[in-house]
Amino acid sequence: MVSGRAATTAGCVTHVERLPARAGVGVPWPQWVPQGLRERLADRGVVAPWRHQAEAAEIAWRGGHVVVATGTASGKSLAYQMPVLARLATETKATAIYLSPTKALAADQLRSVVALADETVRPSGYDGDTPTAERDWIRQYARLVLTNPDMLHRGILPRHDAWATFLRRLRYVVIDECHAYRGVFGSHVAHVLRRLRRICARYGSEPTFILASATAGDPATTAGRLTGLPVAAVTEDGSPRAGVTFALWEPPPLPGLDADGVVDAAPVRRSALMETADLLADAVSHGVRTLAFVRSRRGAEVVASVARRGLGHAVPELAERVAAYRGGYLRDERRALERALVSGELLGLAATNALELGIDVAGLDAVLLAGYPGTLASLWQQAGRAGRAGREALCVFVARDDPLDTYLVHHPQALFGRPVEATVLDPGNPYVLGPHLCCAAAELPLTPDDLLLFGDQTEGVLDALVAAGALRRRPTGWYWTGTGRPDVDLRGSGGLEVSIVEAATGRLLGTVDPAAAHVQVHPGAVHLHQGTSYVVDQLDLDDAVALVHAEEPDWTTHPRDVTNLGVVSVTSYVDAGPVGLFLGEVEVTNQVVGYQRRRLTTREVIDTRPLDLPARELRTVAVWWTIAPSALPDDVECDVPGALHAAEHAAIGLLPLVATCDRWDIGGLSTAAHPDTGVPTVFVYDGHQGGAGFAERAYLAASDWLTATRTAIAECLCEKGCPSCVHSPKCGNGNDPLDKAGAVAVLDVVLGALRDARR
Ligand SMILES: [Zn+2]
Ligand SMILES: [Zn+2]
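Residues numbered from 1 in each chain as written. Chains lettered and ligands numbered in written order. Predicted model: local features only at pLDDT ≥ 70, side-chain atom pairs only at ≥ 80, totals over all residues. Heavy atoms only, no water.

Colleague: Is there a simple way to think about the packing of helix 11 (residues 272-285) against helix 12 (residues 297-314) in this case?
Modeller: The relative placement of two packed helices is expressed as an angle between their axes plus a distance between the axes. The interhelical angle for the contact between helix 11 and helix 12, taken along N-to-C directions, is 50 degrees, at an axis separation of 8 Å. Relative to helix 12, the element helix 11 lies oblique. Here helix 11 and helix 12 pass one another in a crossing that is right-handed. Facing helix 11, whose interface residues are Leu273, Met274, Thr276, Ala277, Leu280, Ala281, Val284 and Ser285, helix 12 presents Gly299, Val302, Val303, Val306, Ala307 and Leu311. Of the residues in the contact of helix 11 with helix 12, the class split is 11 nonpolar, three polar and no charged. (Axes fitted to C-alpha atoms, helices over the stretch in contact; angles between N-to-C directions. Helix = DSSP H or I, 4+ residues; strand = E, 2+ residues; numbered from the N terminus. Parallel < 35°, antiparallel > 145°, perpendicular 65-115°, else oblique. Left-handed = near helix turned anticlockwise from the far one by under 90°. Contact = heavy atoms within 4.5 Å. Nonpolar A, V, L, I, M, F, W, Y, C, P; charged D, E, K, R; others polar.)

Colleague: Could you clarify how one ought to interpret the coordination of the zinc ion (ligand 1) in this entry?
Modeller: When four donors bind a metal tetrahedrally, each ideal donor-metal-donor angle is 109.5 degrees, and when six bind octahedrally, the ideal angles are 90 or 180 degrees. Of the protein atoms, only Cys716 (SG), Cys718 (SG), Cys722 (SG) and Cys725 (SG) coordinate the zinc ion (ligand 1), at distances of 2.2 to 2.4 Å. Coordination at the zinc ion (ligand 1) is tetrahedral, judged from the four donor atoms that bind it and the angles of 101 to 117 degrees they form at the metal. Linear spacing of the donor residues for the zinc ion (ligand 1) on their chain is C-x1-C-x3-C-x2-C. Given the relative accessible area of 14%, Cys716 is considered buried. (Donors = N, O, S within 2.8 Å, 3.2 Å for Na, K, Ca; no water. Tetrahedral: all angles 85-135°; square planar, octahedral: opposite > 155°, others 65-115°. Buried < 20%, exposed > 50% of the residue type's maximum accessible area, 1.4 Å probe, protein only.)

Colleague: Can you help me understand the sheet that holds strand 6 (residues 170-175) in this one?
Modeller: Hydrogen bonds between backbone groups are what pair the strands of a sheet, and the pairing can be parallel or antiparallel. Read across the open sheet, the seven strands follow the order 4-5-3-6-7-2-8; overall the sheet is parallel. A strand with exactly one partner marks an edge of an open sheet, and here the two such strands are strand 4 (124-125) and strand 8 (232-234). Relative to strand 5 (residues 144-147), strand 3 (residues 95-99) is paired through four bridges, and the arrangement is parallel. Along strand 5, the bridge assignment pairs Ile97 with Val145. (Pairing = 2+ DSSP bridges.)

Colleague: Help me understand the packing of aromatic side chains, please; the structure alone is not making it clear to me.
Modeller: To describe a pair of aromatic rings, one takes the distance between the centres and the angle between the planes. All chains considered together, the criterion is met by 14 aromatic pairs. Centre to centre, the rings of Phe246 and Phe416 are 5.2 Å apart; their planes meet at 80 degrees, and the pair counts as edge-to-face. Here Phe246, found in strand 9 (residues 244-249), pairs with Phe416, found in helix 17 (residues 413-416); they are 170 residues apart in sequence, far enough to count as distant. Neither residue differs from the other here; Phe246 and Phe416 are each classed as buried. Ring centres of Trp624 and Phe683 lie 5.4 Å apart, and the angle between their planes is 35 degrees; on these two criteria the pair is classed as tilted. In this pair, Trp624 sits in strand 25 (residues 616-627) while Phe683 sits in strand 27 (residues 681-686), placing the two residues 59 residues apart along the sequence. (Phe/Tyr/Trp six-rings, centres within 6.5 Å; stacked < 30°, edge-to-face > 60°.)

Colleague: What exactly am I supposed to notice about empty space enclosed by the protein here?
Modeller: Gaps left between atoms are located by rolling a probe of water-molecule size over the structure's atoms. Counted under the stated rule, the structure contains four cavities of 30 Å³ or more. Roughly 60 Å³ of internal volume is contained in the second largest cavity. Forming the boundary of the second largest cavity are Tyr80, Gln81, Val84, Leu85, Tyr98, Gln109, Val113, Leu144, Leu146 and Val174. Listed by contribution, the elements that provide at least two residues to the lining of the second largest cavity are helix 4 (76-90), helix 5 (103-116) and strand 5. Considering every element that reaches the lining of the second largest cavity, the biggest residue donor is helix 4, with four residues. Broken down by class, the residue content of the lining of the second largest cavity amounts to eight nonpolar, two polar and no charged. (1 Å grid on protein atoms, 1.4 Å probe; cavity = no way out; pocket = protein on both sides within 12 Å on 5 of 7 lines; lining within 4 Å. Points joined across faces, edges and corners; volume = space filled by probe spheres on them.)

Colleague: What is the right way to look at the packing of helix 7 (residues 149-156) against helix 9 (residues 183-203) in this model?
Modeller: As a packed pair, helix 7 and helix 9 sit with axes 10 Å apart at the nearest point and diverge in direction by 50 degrees. As summarised for this structure, helix 7 and helix 9 are arranged oblique, according to the angle between their axes. Between helix 7 and helix 9 the crossing geometry is left-handed. Between helix 7 and helix 9, the contacting residues are Pro149, Leu152 and His153 on the first element and Val189, Val192, Arg195 and Leu196 on the second. Taken together, the residues of the contact of helix 7 with helix 9 break down into five nonpolar, one polar and one charged.

Colleague: How should I be thinking about the coordination of the zinc ion (ligand 2) in this particular structure?
Modeller: Note on the zinc ion (ligand 2): its protein donors are His645 (NE2), His649 (NE2) and Cys731 (SG). The metal-donor distances range over 2.0 to 2.3 Å. Of note, the zinc ion (ligand 2) draws all its donor residues from one chain, in the sequence arrangement H-x3-H-x81-C. You can see His645 sitting in helix 22 (residues 640-654) and its partner Cys731 sitting in the loop between helix 24 (702-715) and helix 25 (740-758), a full 86 residues away along the chain. Side by side, His645 and Cys731 carry an identical accessibility label, which is buried.

Colleague: Is there a simple way to think about helix 18 (residues 430-443) in this case?
Modeller: Along an α-helix, residues three or four positions apart point the same way, because every turn accommodates 3.6 residues. In this model, helix 18 (14 residues) spans 20 Å end to end at C-alpha, consistent with the 20 Å of a helix rising 1.5 Å per residue. Of all 14 residues in helix 18, 11 are buried; the element is thus mostly enclosed. In this structure, the buried side of helix 18 is in contact with helix 7, helix 9, helix 19 (451-454), helix 20 (458-467), strand 15 (471-474) and strand 16 (477-480). (Expected span 1.5 Å × (residues − 1).)

Colleague: Is there a simple way to think about the pattern of salt bridges in this case?
Modeller: Note on pairing: side chains with opposite charge can pair once their charged atoms come close. Scanning the entire structure with this criterion turns up 24 salt bridges. When the shortest N-O distance is used, the salt bridge between Arg18 and Glu392 registers 3.3 Å. Remark: Glu392 occurs in the loop between helix 15 (376-383) and strand 14 (393-398) and Arg18 occurs in strand 1 (residues 13-19); sequence separation between them is 374 residues. The partner of Arg139 in a salt bridge is Asp136, and the shortest N-O contact between them spans 2.4 Å. Of this pair, Arg139 and Asp136 both sit in helix 6 (residues 132-141), three residues apart, which is roughly one turn of the helix. Judged by relative accessible area, which is 14%, Arg139 ranks as buried. (Salt bridge = Lys/Arg side-chain N within 4 Å of Asp/Glu carboxyl O.)

Colleague: Looking at this structure, I do not really get the environment of Val498. What am I missing?
Modeller: Structurally, Val498 is set in strand 17 (residues 498-502). Taking the C-alpha atoms as reference points, Val498 and Leu170, separated by 328 residues in sequence, lie 36 Å from one another.

Here it is in structure tokens:
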């Protein structure tokens, strides 16, 4: 062990699961696959399709919409390449669109289809980086365009007249990695696809949709929601798989820490990032090609730089072969890293999920997961990167010090014995639907015939848009009244990406999501880029620029915020006597008001500094429960706020068990007497304008969700609460007050009442 921690690590493995190798089921080529395509595939080592590939391809060839939902590296590409390339080869004017959630994946697909397609197909990538001159050529000559939903939304649909010939001949729309279209983003993309279908219909085409998804619960329903069409699902994986040893790993408690030196005096485990960095360094020092998936952009930087530092002492020449990879890097930088990993020049890469959906990385020996990636589907997607033919692979899930990860490493059946979640998206969200109706009207006036396409909510939303003056109703339909195009950002957060610029040199280091800017690049924040540490001097929200300078302080920064919440309306509720369970609309105001500086090594709080940032408002959907004060157990009467607050934190931490979200998609608020309910209340809300379907899932699965929450708290070995149970890393209140025992007692009351109500 490079880190010299061999003695302590043995106790870290909480469970080992052996996933056996699987033999593949090959079938003959479908009759209609042209000889030329078979030969080119054979040149690339594909001699026959696996069963699931042929099955999905056959459905699509006959014009049926289909989703193929199988594991990573099961060759989903061939399932759509077969029918699409065969069709383009036999119908010399036919066209097709390929959509991927990331540019990296589209670039990878482009390389692949260029090698496979007839020369008349002229496959072309079309994204924000495509030069103008090239765009004209692509519109005129390319028959297979590889792009992304954002480009379809901003570049192609608004200029559909320029694309008329291409769209008239459109036979296939391929939607790769469609499980990425979840939550608000998924709802946006669902409407972009409806807009595409509407424009195609106007030009007389009705393309067949082929979707590829990671393993996901109920893919036919999700694909149907996404496209608005009936979709058949192919889920039986016929590809071979290497055997994988899957270990669950809980970092050890930090030894020798003075209680005063630790935030909230709670026992703290060694961070998952440090553990992962050590494991990565160990693996690389043994020549094991390893990919470490890290939740945050910052985390990826930390893991790479700590691993490099560890290797630097022991095997200096290997330190250069470890790097970080994440969204927000500039394109050239990402391409270079992808090439280096594929070629083996890099042995270790710490990546965010920007790579999960990225290039087709093969030949990895091990995958490390620093923290639960939020969904089982993601976990299997990431784990699936490990394993080359005929060789055993290793996967290690390293728990972060939070309730969900801790619950999972001690309840392996929740990982290995559970079907993956269905992907949640909600095209009915009026905050998403409204803007897309404006886009659609700007593309071509909406007619009554279009109402059905956009769903049940359409009529009401149209009335509101007319009342607001965005659309005008005429006898022939609804017209966009604006002069330009409606400005709609599919990535949900609204506003411009904030650029991070080094003040002294003017160098653009990367970008950060506008919704996260207040939290990540507020003045004084420590920001890491490729292992270099920067401190933010200034955040200019009007120009969407954060100015930074290089500096390596020995502290980290943690924002503090203040949240207010008002109930707007109740959609549905369960009357459980002293307990009420509600789903409804709420208005949330959140303001980042300051930040703490903490020692890098001990997490000791150095000081708290104020910030002057504007409040942000959110109209969204929440689930909440109320408890009559008389029903509260006597022993928590003294600290009701602490008990509710602790229950809120753990409940938010465990919500990803029942909904495809992560805790950063969700907010919470608890109070001993909320002005709108008059009694002790805990709110958990979708952190997205208009909601994303998460709170709704929580409401529907409330018993399972709160039971797991209670278990996670009750089983935690700590005495008064710790990050593994009731502490939250995003608490804007510094994790105060918290009452662990009180939280269990409160949840017992809630669960008991819900059980009684169901009888
Ligand atoms: Zn605990
Ligand atoms: Zn809190």
